[in-house]
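# Coordinates in review
Spelled out, the chains give:
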Amino acid sequence: MSGNGNGFLPHLTRIAAAREETPDVRTLRLEFVEPDVGSSLEWRAGQFACFTVFGAGESVFTIANPPSRPGYVECTFKELGKVTEALRGLSSGQVVGFRGPYGNSFPLEEWQGRDLVFVGGGIGMAAVAAPLRFVLDRRADFGDVVVLNGARTVADLVFKDEMDEWARIERVRVVRTVDPGGEAPGWNGEVGLIPDVFERLGLEPEGRIVVVCGPPIMLHFMLIALDKLGFAPEQVVTTLENRMKCGVGECGHCNVGRFVVCRDGPVITAAQLATLPADM
Amino acid sequence: MDGWLLSDGDLRGWLAALLSSGSRLIAPVEEDGLTVFRAVASAEAVSLDGYGTSRWSPKEALFPSTEALFSYRLEGNDVALATPPAGEEEQVLFAVRPCDAAGLARLDEMFLADGEDSLYASRRARTATVSLACESARPECFCTAVGGSPAGADGSDLQLVSLGEEWLLRPLTEKGAALAGAASERWAPAPDEALARAEEQRLAVEASIGGGAVPGEWASVLESAFANPLWQQLGERCLSCGICAYVCPSCSCFDVGDEGSAFCGTRCRIWDSCTFAQFTRHASGHNPRSGQPARYRQRVLHKFSYFPLEHEGRFMCVGCGRCVKLCPVGLDIRHSVELVAADAAGSADA
């Protein structure tokens with residue numbers, strides 16, 4: 001990984017572009033100060049990295065661009081704490097540290113030819129972005145795609161422009177929803193909580209894979225809804241988003257029972273999830 | 001080679017030779033009425049009289065409580081990074097108790113397994129450990145319950161045994177034999193009588209430690225007892241002070257953070273404890289272990305269930321008893337394990 005044999009030493013990147021997704025969510029495109037590092041970086045969709053704002057600290061985000069778009073890294077983060085606040089304060093050309101990739105990934109090879117559903121709630125949409133973008137970059141390799149994205153309010157919806165582009169791709173259906181009360185004038189999407197909207201989509205479980213990421217409460221009710229609709233736990237894939245410090249299975253922060261999220265996850269099927277202790 | 005019989009003068013002479021060879025010698029010293037491990041500059045500073053257990057385990061010498069990972073400096077619109085200079089000196093951890101030496105072996109499993117930690121590994125490679133067999137047990141000792149012994153070899157390169165006026169020194173690894181090195185040519189081979197006395201001492205100390213061994217199968221029993229209501233009872237007494245983790249020879253959890261300003265500073269790793277409320281708290285405010293009972297349960301289960309289930313049954317507890325002795329509310333980890341496992345096993349039988 002990093003030089004000098006010290007795995008904690010980040011690579012340096014610069015902010016090449018910043019995009020405001022919502023009032024508190026931003027996407028950064030980061031390019032490596034040493035071009036060779038960027039061009040040789042390999043990762044798989046679903047893996048994460050540790051991003052540094054020097055002087056503020058390090059935060060863990062999923063690598064939001066798919067491996068089909070190599071040479072740079074993208075992260076989409078919500079301003080919630082010390083590091084993300086500092087990160088939001090940086091602008092184009094400023095330096096951000098990067099170390100990774102870490103963790104496991106979505107088994108996209110196994111999913112070739114299958115119908116896929118990507119469900120993202122709030123900032124959880126960032127976690128499904130890499131596999132979704134990969135699938136759309138390799139459109140012919142996969143079956144029908146449904147994207148279900150929800151947020152508390154219209155203003156909190158991320159990837160607005162991209163959603164419109166995705167909706168124009170063949171055999172892709174994009175459904176957006178906001179929580180009741182979160183609609184705004186001119187809103188032409190759904191109103192309702194993600195699990196309810198998902199049920200209304202009437203998707204047949206047969207052969208389908210559902211990737212679902214979002215806040216713990218949404219995940220809880222989505223898993224109940226999916227079970228009710230007849231989706232087997234093996235067809236349902238999510239990511240665990242525990243607090244992490246090292247990213248390499250050492251620091252002891254992210255485990256759920258014997259499952260060490262940074263090493264054994266973050267990607268996990270609902271079937272695996274059911275075997276873990278209720279320590280979430 | 002079964003060992004050598006050394007006079008006190010031989011022993012101090014050897015330590016002096018190690019020091020003059022440039023090795024760092026980390027040994028027990030008396031400080032304000034407590035025994036602590038310190039780097040010493042002379043063999044005379046080493047205190048071996050009436051030493052029970054040091055207040056802190058000697059793990060600091062391998063896994064410092066605060067350690068610089070790298071430093072950063074903003075220069076205009078650039079950032080310059082520098083790693084701390086890699087140490088080169090050899091270090092000798094001298095007269096650590098066998099439980100503490102075993103604690104180092106558990107740390108090895110955390111830091112040297114899949115994808116080794118280069119900072120730890122570098123220090124580990126330059127460290128030799130001389131353990132000191134226990135002459136007696138303290139009330140809080142329970143090494144024999146977790147696979148250890150007052151003369152356990154786990155994690156030791158050499159072992160020293162006090163035989164009254166003399167010392168028995170036994171090499172346990174090649175590194176240990178090398179550390180004895182040329183000095184050993186002047187030492188008398190240990191007579192059978194000395195080895196027999198050491199063995200008697202081991203048996204006597206073992207016998208004085210109460211309680212049986214924690215059965216290996218309890219690791220699985222405890223994992224299935226995750227929802228046992230006793231965790232609530234036990235864990236709500238925990239004050240979240242973290243002393244158990246700080247004095248523990250095998251606790252390896254750490255936090256990572258920046259010390260400094262927006263212009264220059266150091267990224268450090270710092271010991272952390274799973275019993276702290278912030279330990280698992282997400283930025284969103286969601287906390288997977290939202291109550292103290294869940295956090296205390298994590299501490300016990302990591303040591304007696306999760307770790308042994310992944311490491312051929314070895315507990316991530318070496319029975320030094322420091323946490324039992326120093327817990328302000330009298331929580332006793334072995335007692336907690338016994339209580340929950342017995343309850344779970346009992347309800348499984350019923």
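### A short note on the overall build of chain A
Secondary structure assignment for chain A yields eight helices and 15 strands. For a compact globule of 280 residues, the expected C-alpha radius of gyration is about 19 Å, and chain A comes in at 18 Å, within 12% of that figure. C-alpha extents for chain A along the principal axes are approximately 55 × 45 × 35 Å. When the 280 residues of chain A are sorted by exposure, 49% land in the buried category. Long-range pairs, those at least 24 residues apart, make up 69% of the contacts in chain A with a sequence separation of at least 6.

### A few points about the packing of helix α5 (residues 194-201) of chain A against helix α6 (residues 216-228) of chain A
All names here are of chain A. Where α5 meets α6, the closest approach of the two axes is 9 Å, and the angle between their N-to-C directions is 25°. Put simply, α5 runs roughly parallel to α6. Considering how the two elements wind past one another, α5 and α6 form a crossing that is right-handed. Counting all contacts with α5, which are made through I194, P195, F198 and E199, the residues of α6 involved are M218, F221, M222 and A225.

### Details of the nonpolar core
By size, the foremost hydrophobic cluster in this structure holds 176 residues, and its most contacted members are V119(A), V211(A), L222(B) and F304(B). Ranked by the residues each element gives to this core, the list is headed by helix α3 (residues 125-137) of chain A, at nine residues.

### Overview of the interface of chain B and chain A
Counting from both sides, the interface comprises 43 residues of chain B and, opposite them, 34 residues of chain A. Breaking the side of chain B that touches chain A down by element, the ones donating at least two residues are β4 (66-75), β5 (78-82), α2 (98-111), α3 (118-125), β11 (254-260), β12 (264-271) and α9 (292-310) of chain B. Here the side of chain B that touches chain A takes six residues from β11(B), the largest share from any one element.

### Quick word on the domain arrangement of chain A
Residue and element names in this part refer to chain A. According to the domain assignment, chain A contains domain 1 (3-102) and domain 2 (116-239). Taking only C-alpha atoms, the centre of domain 1 and the centre of domain 2 are 25 Å apart. Contacts between the two partners involve 15 residues from domain 1, matched on the other side by 16 residues from domain 2. Classifying every residue of the side of domain 1 that touches domain 2 by side-chain character gives seven nonpolar, six polar and two charged.

### Structural notes on the environment of R26(A)
By secondary structure assignment, the location of R26(A) is in strand β2 (residues 25-32). Between the alpha carbons of R26(A) and V158(A) there is a distance of 8.8 Å; along the sequence they are 132 residues apart.

### Remarks on the sheet that holds strand β3 (residues 48-53) of chain A
Backbone-to-backbone hydrogen bonds pair the strands of a sheet. The strands run either parallel or antiparallel. All names here are of chain A. Overall, antiparallel pairing links the six strands, which are arranged β4-β3-β6-β1-β2-β5 in an open sheet. Of all strands in the sheet, those bounded by a partner on one side alone are β4 (57-62) and β5 (73-78). Going from strand to strand, the sheet's axes swing by 40° on average, the running direction of each strand aside. Relative to strand β6 (residues 95-102), strand β1 (residues 11-20) runs antiparallel, the two sharing four bridges. Within β6, the position partnered with R14 by the bridge is V95.

### With respect to the domain arrangement of chain B
Residue and element names in this part refer to chain B. When the domains of chain B are assigned, the result is domain 1 (4-208) and domain 2 (218-349). Contact with domain 1, which involves 33 residues of that partner, is made by 27 residues of domain 2. Taken together, the elements giving at least two residues each to the side of domain 1 that touches domain 2 come down to β4 and α2.

### Here we look at unusual backbone geometry
A cis amide bond links G100(A) with the next residue in sequence, P101(A), at an omega value of 0°. Structurally, the position occupied by P101(A) is in strand β6. Cis geometry is found at the peptide bond from G265(A) to P266(A), where omega equals 10°. For A95(B), which is not glycine, the phi dihedral falls at a positive 60°. Secondary-structure assignment places A95(B) in strand β6 (residues 91-96). A positive phi is found at E312(B), a non-glycine position, where the angle reads about 50°. Relative to the elements of secondary structure, E312(B) occurs in the loop between α9 and α10 (322-326).

Rules of the game
- Note on numbering: residues in each chain are counted from 1, in written sequence order.
- Whichever chain is written first becomes A and whichever ligand is written first becomes 1, with later ones labelled in order.
- Confidence filtering applies because this is a predicted model: local features only for residues at pLDDT of at least 70, side-chain atom pairs given and counted only at 80 or more, and all residues used for totals across whole chains, interfaces and linings.
- Put simply, DSSP H or I for four residues or longer makes a helix, DSSP E for two residues or longer makes a strand, and each gets a number counted from the N terminus.
- Radius of gyration: C-alpha atoms only; globule rule: 2.2 Å multiplied by the number of residues to the exponent 0.38.
- Whether a residue is buried, exposed or partly exposed follows from its count of other C-beta atoms within 10 Å of its own C-beta, namely 20 or more, 12 or fewer, or something in between, respectively; the C-beta atoms are built from the backbone.
- The contact rule is simple: place each C-beta atom from the backbone, and if two of them lie within 7 Å, those residues are in contact.
- Inter-axis angles, ranging from 0 to 180 degrees, are taken between N-to-C directions of lines fitted to C-alpha atoms, where helices are fitted over the stretch in contact.
- In these notes the angle categories are as follows: under 35 degrees is roughly parallel, over 145 is roughly antiparallel, 65 to 115 is roughly perpendicular, and the rest is oblique.
- Put simply, a crossing is left-handed when the front helix is turned counterclockwise from the back one by less than a right angle, and right-handed when it is turned clockwise.
- For our purposes the nonpolar core covers buried Ala, Val, Leu, Ile, Met, Phe, Trp, Tyr and Cys residues that link as a set through C-beta atoms within 7 Å.
- Throughout the structure description, domain borders are defined by an automatic or database domain assignment.
- Residue classes follow a fixed rule: Ala, Val, Leu, Ile, Met, Phe, Trp, Tyr, Cys and Pro count as nonpolar, while Asp, Glu, Lys and Arg count as charged, and any other residue, Gly among them, counts as polar.
- Following DSSP output, two strands are said to pair if at least two bridges run between them.

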